[in-house]
Amino acid sequence: MNVTIYHNLACGTSRNTLALIRHGGIEPDVIDYLANPPSRSDLRKMISDAGLIVREAIRQKGTPYLELGLDDPALTDETLLDAMLSHPILINRPFVVTPLGTRLARPSEAVLDILPAEIFSSAFSKEDGEPVLDEQGRRI
């Protein structure tokens, strides 16, 4: 199964999502989106395919969101996309793309919606110990 994760190693949610994908036996294409941001068309498609609007895909915490005035509700999607591409830290993470769909995996277990359930057969817990899958690999 082809899986792509737009990953930030410094983000716990992103690390948990990547670990969960690997727990299912899949080695995804890992894209460090801070160093290699998606194209404008790819970003727009991921946002749309995830069922989000552009504003919902912007990360506010730990970014120049307020400094850039991105909280202005009058800003267009095009202006917001410009900011996200100029400052990739503004792209919320992790986006995951599979043949079954696209998700902004927040929380990390949202990735389970776009992975086949049968690939999981054992327990999985997040870095902080929070259980996600039981001993049979079923979502908790």
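Residues numbered from 1 in each chain as written. Predicted model: local features only at pLDDT ≥ 70, side-chain atom pairs only at ≥ 80, totals over all residues. Heavy atoms only, no water.

As for the pairing of strand β3 (residues 95-98)
At step 1: Pairing geometry for strand β1 (residues 4-7) and β3, over three bridges, is antiparallel. Of the residues in β3, the one forming a bridge with Ile5 is Val96.
At step 2: In the sheet, β3 pairs with strand β4 (residues 101-104) via four bridges, with the strands oriented antiparallel. Across the sheet, Thr98 pairs through a bridge with Gly101, a residue of β4.
At step 3: Counted between consecutive antiparallel strands, the loop separating β3 from β4 contains two residues. (Pairing = 2+ DSSP bridges. Helix = DSSP H or I, 4+ residues; strand = E, 2+ residues; numbered from the N terminus.)

So, the side chain of Asn16
At step 1: Along the chain, Asn16 turns up in helix α1 (residues 12-23).
At step 2: If near-sequence neighbours (up to four positions away) are discounted, Asn16 is found in contact with Ser108, Phe124, Lys126 and Glu127. (Contact = heavy atoms within 4.5 Å.)

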